Structure formats: structure tokens, C-alpha cells
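Letter by letter, the chains look like this.
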Amino acid sequence: MSFFDYFRNKRGANSAATARERLQVIVAHERGQRNQPDYLPRMQQEILEVIRKYIPVEQDDVQVQVDESNSCSVLELNVTLPG
Amino acid sequence: MAKIIVVTSGKGGVGKTTSSAAIGTGLAQRGHATVIVDFDVGLRNLDLIMGCERRVVYDFVNVINGEATLNQALIKDKRTEQLYILPASQTRDKDALTEEGVAAVLEELKGRFDYIVCDSPAGIEKGAQMALYFADEAIVVTNPEVSSVRDSDRILGILQSKSLRAKEGEEPVREHLLLTRYSPARVAAGEMLSVADVEDILAIPLLGVIPESQDVLKASNQGEPVILNDEAQAGQAYSDAVDRLLGENRPHRFLEEQRQGFFQRLLGGGRG
Ligand SMILES: Nc1ncnc2c1ncn2[C@@H]1O[C@H](COP(=O)(O)OP(=O)(O)O)[C@@H](O)[C@H]1O
Ligand SMILES: [Mg+2]
């Protein structure tokens, strides 16, 4: 690194590394969503409403996803309980 | 066998039209009969970049509607042999390009050309989907910047699920990454995603890296695809990319920061 790069790096504070990390997370997340069946968001909403009858949970406390392996699909339901 | 290549990106303003013009011209320069088709309905611009805007009489939609023949609508490039342009319509009707209509025109073009380069509109909706639907290969134009990279990944998802090849269960569309507006100095300063970063995130083969360059603006001012300027780094980088598209091996150039003298730096370093 040259003398000048040193000062430039200080200013830039390596924002490219932050960009890379953020992109890796969001792109992986969106790829996961992409292959999900169309009915999933609605089903997730209905499951959320049922749970809310009994427990106060937020929208993002309930995660629903379908994992497909060669021979079978698994419906995965993750609920984070309060407290 | 004619090949359909879509130049796509999701995000607007990343260099699709610039790249379509350069790559189409490069293919024709190398002796392949080539047509560049502007799919950007309502925002015709390929004509300006190719310098043939005053010769547009009929367009893509006229041909689909049977108001003109393909021969009447195709514009022969004045500088490069074997190169034609099919301009986009200026209609505001975004549904003017029907699937059957586009299929029929592409079929006719396949009989006459070796390469059909489709310049896609921005977005991931209908217009962009129509431009990529029939593609055999896709050049995904990406800038080293977060929103562009994310949109490129979205368009890759569409290529993999909504293209004709995906629907028919044929061999998938061949994907190429074209990283444009790259600035090695800013990468070195940690301000810009590097080629390796973008390759790593998108995980598709790298076709080329086009440096950020004043020569691109100059070329579009003059209506001459930048690939015709063989003194310009951007022109040379596009030439390399065309060679790679045709299966040649070319090392990637212009990835490193050029060293500048002390006074150039002090004066803000005019970099081309
Ligand atoms: N390598 C480059 N260096 C500098 N400017 C560029 C480069 N590539 C494209 N541009 C500029 O970016 C703008 C958008 O380019 P364009 O090809 O019209 O993008 P798109 O078709 O994706 O909307 C234009 O002003 C063009 O001159
Ligand atoms: Mg464009």
C-alpha cells in the first residue's frame, strides 16, 4: 500500500467490505425465497394469525419455509416465543 | 445455427445499451452476420448509440403488426459490414411486444443472421422478461455497486425460471457476467466492490471487465460504439469480451490501478 492509499483508506473506511458482506447475506436470503411455492406468504400469514390467538408474536417471529430434497419436501415452521 | 444473446441487468443505467452496441459491432467485425434488436419499447436509444437515429423509418412493433416488412425496418450499419439494427418502437403501449409477435420476428431473423443481440429494457417485469425469453445466452451487465449486483441476481433467477429454455426443460441459458464502469483506483481504496467480490456473489463466469472511462461518453456523443475506438481501454476491453464470447482465451486487462505521478495526483489525476 502506498503512502497515498493509506490516507484514502482512512476516508473510505473500506466500505466495499461492508457492501460485500451485506450483499452476501441478502442475495443468499433472496435465492432461498425464490424457489418457494407461491402459496407460502399467504400460508405464513394464516399461521401467524392462529398463533396470535394464543401468544403475542410479531410478524418476523414466525418463519415458514419449504425445503426440498430429492425424495421429499419438508415444511419448516420456526416460531420465536416472546420473553 | 443462429444464436440469441440477451444483454440484461435488472437495474437501469448500468451499460446495457452501450454493451449491446459494442458487442454486436464486435461480432460483426469478426465476420458474423449480426443484428442488434432494441427491446426498450418507448425508450428507443440504441439508434443514438449506433449513430443511425436519423435513418429510423419503421420499428420492431411495425414489423410485428405487419405494417412493415423486416427488410424495411432493418437498418444497415454504415461502418461495419454484416451489421444491422432493429429499432424499438416509441409507442407508450408497453404490451406492443407480444410473445407470438416477438417469436415470429426472431424466427425470421434466425434465418438471416448468426447472432441476434437483444438490448433489454431495465426492470424485471414484462419488458425485460420478453427480451430474455427466447435467449440462448445472457450477458448480465453489472456495476460494482450493491443495488446493481442484487438486481443482477434477481435477473439470474428469472433466466433460470422464466425463460423458454427453463420452461421447456432444455439446457439452461448460458450466463455471462460483464462488469462495467469498473474503477481499479476506487477498488484499491476500498471504496468499490472488486471483480472477485462480484464474481463470488453472483457465481457466474466472467466475460469481461469494462473500465469506467470518458471514452464511453465520447463514443455515445458521436454515435460510434466504443469498441471501434481501439485506442480506448474500454474499447479494448469490449474487444476482449467479444473474443471470449466466441470461445477465445484472453487474459483480463485493466484490473489494476495505473500508477500516476505525484503531480497528477495533486491535480486530481485525470484518468481516462
Ligand atoms: N464503462 C463506462 N464508463 C463510463 N460511462 C459509462 C460506461 N458504460 C456506460 N456508461 C454510461 O452510463 C450511462 C448508461 O449507459 P447505458 O448503456 O445507456 O445503460 P442502460 O442501457 O443499462 O440503461 C450512459 O451515460 C453511458 O455513457
Ligand atoms: Mg438501455
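Residues numbered from 1 in each chain as written. Chains lettered and ligands numbered in written order. Predicted model: local features only at pLDDT ≥ 70, side-chain atom pairs only at ≥ 80, totals over all residues. Heavy atoms only, no water.

Each helix and strand in chain B was counted, giving 13 helices and eight strands. On C-alpha atoms alone, chain B measures out to a radius of gyration of 18 Å, which is about the 19 Å that the 2.2 N^0.38 rule sets for 272 residues. Along the three orthogonal principal directions, the C-alpha set of chain B runs to about 65 × 40 × 35 Å. The 272 residues of chain B split such that 57% are buried. Within the structure as shown, chain B displays about 12000 Å² of accessible surface, and the carbon and sulfur contribution to it stands at 46%. Where the 30 positive side-chain charges of chain B centre and where its 40 negative ones centre are 4 Å apart. (Helix = DSSP H or I, 4+ residues; strand = E, 2+ residues; numbered from the N terminus. Rg over C-alpha atoms; globule rule 2.2 N^0.38 Å. Buried < 20%, exposed > 50% of the residue type's maximum accessible area, 1.4 Å probe, protein only. Areas by Shrake-Rupley, 256 points an atom, 1.4 Å probe, with all protein chains shown as cover. Lys, Arg positive; Asp, Glu negative; His and termini not counted. Charge placed at Lys NZ, Arg CZ, Asp CG, Glu CD.)

Before going further, it helps to spend a moment on the side chain of D197 of chain B. Along the chain, the position of D197 of chain B falls in helix 10 (residues 195–202). The buried category is assigned to D197 of chain B, whose relative accessible area is 9%. A polar atom in the side chain of D197 of chain B sits 3.0 Å from the side chain of R20 of chain A. (Polar contact = N/O pair within 3.5 Å; in protein donor to acceptor, adjacent residues only side chain to side chain.)

A few words now on the site of ligand 1. Residues and elements named next belong to chain B. In the vicinity of ligand 1 lie 13 residues, with G13, K16, T17, T18 and S213 positioned nearest. G15 has a polar backbone atom sitting 3.0 Å from an oxygen atom of ligand 1. Surface burial for ligand 1 is 78%, taken as the share of its 570 Å² of free accessible area covered by protein chains. Elements that contribute at least two residues to the shell around ligand 1 include exactly helix 1 (16–29), strand 8 (206–211) and helix 11 (214–222). Among the elements that line the shell around ligand 1, the one with the most residues is helix 1, at three residues. Tallied by class, the residues present in the shell around ligand 1 amount to four nonpolar, six polar and three charged. (Near = heavy atom within 4 Å. Nonpolar A, V, L, I, M, F, W, Y, C, P; charged D, E, K, R; others polar.)

To continue, consider the UniProt feature "binding site: ATP" (unreviewed entry) in chain B. Residue and element names in this part refer to chain B. UniProt records the feature "binding site: ATP" (unreviewed entry) for K11, G12, G13, V14, G15, K16, T17 and T18 in the present numbering. Position of G15 relative to the elements: it lies in the loop between strand 1 (3–8) and helix 1. Judged by relative accessible area, which is 17%, G15 ranks as buried. With respect to the helices and strands, K16 occurs in helix 1. Aside from chain neighbours lying at most four places away, what touches K16 is V7, T8, S9, K11, D119, S120, P121, A122 and V141. (UniProt positions renumbered as here; feature names shortened; annotations may be inferred. Contact = heavy atoms within 4.5 Å.)

Two numbers describe how helix 2 (residues 15–34) of chain A lies on helix 10 of chain B: the axes approach to 10 Å, and their chain directions differ by 15°. In terms of orientation, helix 2 of chain A lies roughly parallel with respect to helix 10 of chain B. Two packed elements cross with a definite hand, and for helix 2 of chain A against helix 10 of chain B that hand is right-handed. Contacts between helix 2 of chain A and helix 10 of chain B involve R20, L23, Q24, V27 and R31 of chain A on the former and, on the latter, D197, D200, I201 and L202 of chain B. Partitioning the contact of helix 2 of chain A with helix 10 of chain B into residue classes produces four nonpolar, one polar and four charged. (Axes fitted to C-alpha atoms, helices over the stretch in contact; angles between N-to-C directions. Parallel < 35°, antiparallel > 145°, perpendicular 65-115°, else oblique. Left-handed = near helix turned anticlockwise from the far one by under 90°.)

The subject of this paragraph is the confidence of the model for chain B. For chain B, per-residue confidence averages 94 on the pLDDT scale, and 95% of positions sit at 70 or higher. With a pTM of 0.87, the predicted complex shows an ipTM of 0.85. (pLDDT = per-residue confidence, 0-100.)

Below, the discussion takes up the pairing of strand 7 (residues 174–182) of chain B. Residue and element names in this part refer to chain B. Across the nine residues that make up strand 7, a large majority, seven, are buried. Strand direction decides the pairing type here: strand 6 (residues 137–142) and strand 7, joined by six bridges, are parallel. Among the inter-strand pairings, V140 is bridged to a residue of strand 7, identified as L177. Pairing of strand 7 with strand 8 involves four bridges; the strand directions are parallel. Across the sheet, L179 pairs through a bridge with V209, a residue of strand 8. (Pairing = 2+ DSSP bridges.)

Note on helix geometry: an α-helix contains 3.6 residues per turn, so any two residues three or four positions apart are oriented the same way. Over its 20 residues, helix 2 of chain A runs 28 Å from end to end, which matches the ideal 28 Å to within 8%, given 1.5 Å per residue. All buried positions along helix 2 of chain A are accounted for by A16, A17, A19, L23, V27 and E30 of chain A. Take helix 2 of chain A and look down its axis: the buried residues cluster within an arc of 160°, on one side only. Along helix 2 of chain A, the residues that are exposed and aim more than 90 degrees away from the buried face are R22 and V25 of chain A. Residues of helix 2 of chain A that are buried in the fold lie against helix 7 (146–162) and helix 10 of chain B. (Expected span 1.5 Å × (residues − 1). Arc of directions from axis to C-beta.)

What follows deals with the nonpolar core. Residues and elements named next belong to chain B. L86 and L109 are the most contacted members of the largest nonpolar core, which has 55 residues in total. Considering every element that reaches this core, the biggest residue donor is helix 7, with five residues. Excluding residues that lie within four positions of it along the chain, L109 makes contacts with V35, V37, L70, L74, L86 and I116. In terms of nonpolar packing, the next biggest core, distinct from the first, is built from 34 residues, A21, L46, A234 and L245 among them. (Core = buried A, V, L, I, M, F, W, Y, C linked by side-chain atoms within 4.5 Å.)

This part covers a nonpolar patch on the surface. A surface patch of nonpolar side chains, amounting to about 250 Å² of accessible area, comprises L77, V79 and L81 of chain A. Mapped onto the elements, V79 of chain A comes out in strand 2 (residues 73–79). (Patch = residues over 30% accessible without salt bridge, like charges linked within 9 Å, V, L, I, M, F, W, Y side chains within 5 Å. Salt bridge = Lys/Arg side-chain N within 4 Å of Asp/Glu carboxyl O.)

Let us look at the environment of L164 of chain B. All names here are of chain B. Take L164: it is sitting in helix 8 (residues 164–167). For L164, a relative accessible area of 27% corresponds to the partly exposed category. Put simply, L164 and A135 are 29 residues apart on the chain and 7.7 Å apart in space, counted from C-alpha to C-alpha. Each residue touching L164, except ones within four places of it in the same chain, is listed here: Y133 and F134.

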